Amino acid sequence: MRFRAEIRNVHTFTKFTASLATLGHIAWVRLDSKDCRFTVIPESGTQVWSVLTPDVIFDTYTIQSAAPNNTINLEVPLAPLQRALKSAQTAIAANIRLTKKDNVPLLSLTITTTTSNPSGPAPTSTASDGQDGFGTATNNGFGSGTDDFREESVDFFGARQDRETVVTQDVPVRVLAPASVEGLHEPRCREPDVHIVLPNLMQLKGISDRFTKLALETKSSSTKTGFASSSSSSGPKLELSGNMHGCLRLALTTDAMHIHSLWTGLENPELDPSQVAEGEAGLANHPSTKMKARGDSTGQSEEGWATVRVEGRDWGRVLSVGRLGGRVIACFCDEHALILYVFLASEEVGGADSVLTYYISSYSA
Amino acid sequence: MAAIVPMFSAVASSTRHILLLLRCISFAKKALVRISAEGLRFSTDEGSSIEAFVFLDKALFTSYTYHAPEPASSQDDPPEPPFFEIDLQSLLETLNIFSLSDLTSSTRSGGYDDFAAHRLNRHAGMNAFTNHAMGVTGVCNFSYNGEGGALSIHMFESGVTTTCDLTTYEADTVEDIPFNRDSLSVKTIMRAKFLLEAVTELNSVNPASMTVFASPGSASKPNLSLSAIGALGTAAIDFTTATSSETPVLESLYCPTETSASYPFAALKAAQRAMASATKVSLRLDDEGVLSLQFLIELEVGSSDGSGAVAFVDFRIVPLVDDEGAREHGGESTSE
């Protein structure tokens, strides 16, 4: 199997990887001729399933494998990938390819940067990031050699003002057999009751984070050790509700108070009849159509809301995808689950949008 | 809610003043709130040894409406004005959310980083990103419907409406710590920062208590001395009025006879935020040795009446009584 590509937009790829990394440690990456899929399914908490058209992050995308559609399935550790991408922040070029070293499959990033260095020792690349056993860095094509080697290279190139540095970062991966990924599919959910376009995600995240902090700060001091536990189920629960009249509500209840923030005037996208089972008839019976009959656009009525309960910190991490921009549609299955669809516009005119889908289970009251 | 006229409603153009003042007394979890036609009074206490209160005059609000509760029948006396307890931490965090465009969002967790608080508050009005400078409205509505109802705070900003309903708890009537202002043994006024510096300095020996000693002044005795003994050593800061400087540290001093008393150091630490936010402090001891610290806090221009408004935060601390009884004459206190 072969895969190689130029990373077209390092910053986008970095932000994208960062969003994935907040949810879990490893990603299932499925590459084929048509699209690139990154999926994170942590032990507990939100799952993300994303489908990107290659042109969002890659140029000269070459892929070949024995599987149909040239599919390659990989298990990629996200933290090493993030560290590798850090080296590429100021790169003039970055390539990625699937290769093997000492029988270990890896994704190898070759990063070309320029450094201007009037005098002094050879610039050590951000190799310190890659030295934790996961990546190795090589300077100027020499092996990660001894000090002697490095000194020689300094003498040889020391006089130059600007130089190109080539850094290689290796991320070890596992190749997954088709059989092991066959069983993985997106969580199935009933038709949602409410679908609504979320307001600016960074604003929503700002307010959500403050609510979460409020809940944590005002918890009785005897349980302050809650900070130490990383289990997401112990965190404060925020109540998120939407209605079919453009209202979104975020609420928090503690013993000492009840606080909620309300957004109005949001868009409820129309369902496309061709996408709904049973077409027009299905549309008429769709839960969201029934929801439209209830509630109002001021958001004051208690009717017509679909509600889910999310864990404050997990929700904050999900919302960090907001830094990618893009339109986000939230689909509420009352008391059950929340599905967020994040659409990233394609670079090419007429190209398909990329979608990240977040599946969040609701906690019970 | 139906068209009930709320008993109390007020609009504040900026929550920052309120946040600043309430933070000064935030050493306790809960606060007692008293609503009257003149304003809101918030008080906190720790056991019965320290008490603090701040009065938010109605002039600090853009609008202030109070309808006194009606007596049940014309024969009855009018009921007491409403008072209740709320969770002060929740109120502060809520007001914090409402001043989104303000400085640092980090909250203090119990300990008082007095230097940083001092710095923050001194520069509170001078930052280019304050509400006023940006022209962003952080208008806040407060309302209270009557006994059992919640204290509601409502705000609209950047397309989002946020409402917070604070649970009101029944409060036991607590006797204020009595302070005999007509029978003072010491009164002095100084800039608050000197008191803050003195307390910070004393804190470095990790003391359990602080002794205040005052005298009419002489060659051997200072006018005012703040001292402490701790595991790490002893420290004393002496103040005198005998100076040719035009700006003496002790701007005024009244002290007919020598007197001294000691107070738990934790009580002084509880007042550090007030010391950092205030311009001046009036330090008084009454004949029982109760210490009253009254802080004058200048709220920067921009309050509703246009002029620089001020507010007062008061602390009252009960003296420690050692085995020998309250001391009449000076000298450093021995450790308890």
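Residues numbered from 1 in each chain as written. Chains lettered and ligands numbered in written order. Predicted model: local features only at pLDDT ≥ 70, side-chain atom pairs only at ≥ 80, totals over all residues. Heavy atoms only, no water.

## Here's the deal with the overall build of chain B
The criterion, for reference: Numbering of helices and strands runs from the N terminus; a helix is a DSSP stretch of H or I covering at least four residues, while a strand is a stretch of E covering at least two. Each residue gets one of three labels from its accessible area relative to the maximum for its type: buried under 20%, exposed over 50%, partly exposed in between, using a 1.4 Å probe on protein chains only. The contact criterion used throughout is that any non-hydrogen atoms of two residues lie within 4.5 Å. The Shrake-Rupley method, run with a 1.4 Å probe sphere, supplies the accessible areas, and residue values consider only the shown protein chains as cover.
Broken down by element type, chain B carries seven helices and 18 strands. Relative to its full complement of 336 residues, chain B shows a buried share of 47%. Put simply, 67% of the contacts in chain B that link residues at least 6 apart link residues at least 24 apart. Surface accessibility of chain B: about 15900 Å² in total, with carbon and sulfur atoms responsible for 52%.

## Observations regarding the overall build of chain A
Assigned secondary structure in chain A consists of nine helices and 18 strands. Taken over 365 residues, chain A has a buried fraction of 48%. Carbon and sulfur atoms make up 51% of the accessible area of chain A, which totals about 17600 Å².

## A closer look at the sheet that holds strand E12 (residues 237-242) of chain A
The following threshold applies: Between any two strands, at least two bridges found by DSSP are needed for them to pair. Only C-alpha atoms enter the line fits that serve as axes; for helices the fit covers just the stretch in contact. Angles between N-to-C directions range over 0 to 180 degrees.
Spatial ordering of the open sheet is given by E15(A)-E12(A)-E13(A)-E14(A)-E9(B)-E8(B)-E7(B)-E1(B)-E5(B), a layout of nine strands whose pairing is antiparallel. Taken across any chain shown, the strands that pair with only one partner, and hence form the sheet edges, are strand E15 (306-311) of chain A together with strand E5 (63-66) of chain B. Taking the axes of each pair of neighbouring strands and ignoring which way they run, one obtains an average angle of 15 degrees across the sheet. As paired strands, strand E8 (residues 151-157) of chain B and strand E9 (residues 160-166) of chain B are joined by seven bridges and run antiparallel to one another.

## Let's talk about the interface of chain A and chain B
Where we set the bar: Two parts placed together each lose some accessible area under a 1.4 Å probe, and adding up what both lose gives the buried area. Only one rule defines a salt bridge in this text: a Lys or Arg side-chain nitrogen within 4 Å of an Asp or Glu carboxyl oxygen. Under the convention adopted here, Pro, Cys and the residues Ala, Val, Leu, Ile, Met, Phe, Trp and Tyr are nonpolar, Asp, Glu, Lys and Arg are charged, and Gly plus all remaining residues are polar.
The interface is formed by 17 residues belonging to chain A together with 21 residues belonging to chain B. For the chain A and chain B pair, buried surface summed over both sides reaches about 1800 Å², with 51% attributable to carbon and sulfur atoms. Looking only at chain A, the three residues that lose the most surface to chain B are Arg210(A), Glu217(A) and Ala256(A), adding up to 31% of its buried area. For the pair chain A and chain B, the interface holds zero salt bridges. Contributions of two or more residues to the side of chain A that touches chain B are made by helix H6 (201-217) and strand E14 (257-263) of chain A. Looking at the side of chain A that touches chain B residue by residue, the classes come out as eight nonpolar, five polar and four charged.

## Quick word on the pattern of salt bridges
Residues and elements named next belong to chain A. Counting across every chain of the model gives 16 salt bridges over all chains. Between Asp 59 and Arg 8 there is a salt bridge, with the nearest N and O atoms lying 3.4 Å from each other. Taken together, the positions of Asp 59 in strand E5 (residues 58-64) and Arg 8 in the loop between strand E1 (2-7) and helix H1 (10-21) put the pair 51 residues apart, joining distant regions of the chain. The exposure class assigned to Asp 59 is partly exposed, which follows from its relative accessible area of 29%. Residue Arg 8 is classed as partly exposed on the basis of its relative accessible area, which comes to 35%. Arg 309 is the salt-bridge partner of Glu 335, the closest N and O atoms lying 3.1 Å from each other. One end of the pair, Glu 335, is in the loop between strand E16 (327-333) and strand E17 (337-344); the other, Arg 309, is in strand E15, and 26 residues separate them in sequence. A relative accessible area of 41% places Glu 335 in the partly exposed class. Of the residues examined, Arg 309 reaches a relative accessible area of 11% and is grouped as buried.

## A look at the packing of H6(A) against helix H9 (residues 312-319) of chain A
Residue and element names in this part refer to chain A. Rules: Any angle between 65 and 115 degrees counts as roughly perpendicular, while under 35 counts as roughly parallel, over 145 as roughly antiparallel, and the rest as oblique. Crossing chirality is assigned from the near helix's rotation relative to the far helix, an anticlockwise turn below a right angle marking it left-handed and a clockwise turn marking it right-handed.
Close contact between H6 and H9 brings their axes to 9 Å; oriented N to C, the two are set at 160 degrees. Judged on the interaxial angle alone, H9 and H6 are roughly antiparallel. Seen from above, H6 lies across H9 with left-handed handedness. Together, Leu 201, Met 202, Leu 204, Lys 205, Ser 208, Asp 209 and Thr 212 of H6 and Gly 312, Arg 313, Trp 315, Gly 316 and Leu 319 of H9 make up the contact between the two elements.

## Observations regarding the environment of Gly183(A)
Tracing the backbone shows Gly183(A) in the loop between helix H5 (178-182) and strand E11 (194-197). Distance in space between the C-alpha atoms of Gly183(A) and Ser50(A) is 17 Å, their sequence separation being 133 residues.

## Observations regarding empty space enclosed by the protein
Residue and element names in this part refer to chain A. Stated formally: Cavities and pockets were defined on a 1 Å grid built over protein atoms only: a cavity is a set of grid points that admits a 1.4 Å probe from which the probe cannot escape, a pocket is an open set flanked by protein on both sides within 12 Å along at least five of seven lines, and lining residues are those with an atom within 4 Å of any such point. Grid points are joined across faces, edges and corners, and a volume is the space filled by probe spheres set on the points.
In the structure shown here, the tally under the stated rule is seven cavities of 30 Å³ or more. Forming the boundary of the second largest cavity are Phe 3, Phe 13, Val 29, Leu 31, Phe 38, Phe 58, Leu 74, Val 76, Leu 81, Ile 96 and Leu 107. For the lining of the second largest cavity, the secondary structure elements donating two or more residues are strand E2 (26-31) and strand E6 (72-77). Among the residues making up the lining of the second largest cavity, the classes are represented as 11 nonpolar, no polar and no charged.

## Overview of the packing of aromatic side chains
Operational definition: In summary, the pairing rule links any two rings of Phe, Tyr or Trp, Trp by its six-membered ring, whose centres are within 6.5 Å, and it sorts them by plane angle into stacked for under 30 degrees, edge-to-face for over 60 and tilted for everything else. Should the NZ of a Lys or the CZ of an Arg lie within 6 Å of a ring centre and within 35 degrees of the ring normal, that charge is described as sitting over the ring.
A full pass over the atoms with the stated rule returns 13 aromatic pairs over all chains. Consider the rings of Phe3(A) and Tyr61(A), whose centres lie 5.8 Å apart with planes at 70 degrees: the pair is edge-to-face. Taken together, the positions of Phe3(A) in strand E1 and Tyr61(A) in strand E5 put the pair 58 residues apart, joining distant regions of the chain. Like Phe3(A), the residue Tyr61(A) is buried in the burial classification. Judged by centre distance (5.9 Å) and plane angle (70 degrees), the rings of Phe13(A) and Phe58(A) are edge-to-face. Taken together, the positions of Phe13(A) in helix H1 and Phe58(A) in strand E5 put the pair 45 residues apart, joining distant regions of the chain. Neither residue differs from the other here; Phe13(A) and Phe58(A) are each classed as buried. Three or more aromatic residues joined by ring pairs make a cluster, and in this case those are Phe3(A), Phe13(A), Phe16(A), Phe38(A), Phe58(A) and Tyr61(A). The positively charged end of Arg34(B) is found above the aromatic ring belonging to Phe83(B), 5.3 Å away from the centroid.

## What to know about the pairing of strand E10 (residues 184-191) of chain B
All names here are of chain B. Bridging between E10 and strand E16 (residues 280-286) involves seven bridges; their strand directions are antiparallel. Across the sheet, the residue bridging to Met 190 is Val 281, located in E16. Relative to strand E14 (residues 250-254), E10 runs antiparallel, the two sharing four bridges. Bridge pairing in E14 places Lys 187 opposite Tyr 254.

## Here's the deal with the packing of H1(A) against helix H2 (residues 78-87) of chain A
Residues and elements named next belong to chain A. H2 packs onto H1 with a crossing angle of 155 degrees between their chain directions and a minimal axis gap of 10 Å. Relative to H2, the element H1 lies roughly antiparallel. Crossing geometry of H1 relative to H2 is assigned as left-handed. Contact with H1, carried on its side by Val 10, Phe 13, Thr 14, Thr 17, Ala 18, Leu 20 and Ala 21, involves Leu 78, Leu 81, Gln 82 and Leu 85 of H2 and no other residues of that element. Of the residues belonging to the contact of H1 with H2, the class tally is eight nonpolar, three polar and no charged.

## Comments concerning the environment of His260(A)
Structurally, His260(A) can be placed in strand E14. Beyond its immediate chain neighbours, meaning those up to four positions away, His260(A) contacts Phe211(A), Arg249(A), Leu250(A), Ala251(A), Thr161(B), Thr162(B) and Thr163(B).

## What about helix H1 (residues 15-24) of chain B?
Burial analysis of H1(B) places nine of its 10 residues in the buried class, the great majority of the element. Listed as buried for H1(B) are Thr15(B), Arg16(B), His17(B), Ile18(B), Leu19(B), Leu20(B), Leu21(B), Leu22(B) and Cys24(B).

## Some points on the confidence of the model for chain A
Residues and elements named next belong to chain A. Applicable threshold: pLDDT is a per-residue confidence score from the predictor, ranging from 0 to 100.
Model confidence for chain A is summarised by a mean pLDDT of 81, while 79% of its residues fall at 70 or above. Contacts for the low-pLDDT stretch residues 120-154, under 50 throughout, to residues beyond four places or in other chains number 50 contacts. Residue range residues 221-232 is modelled with pLDDT below 50. Its contacts to residues more than four positions away, or to other chains, number seven contacts.

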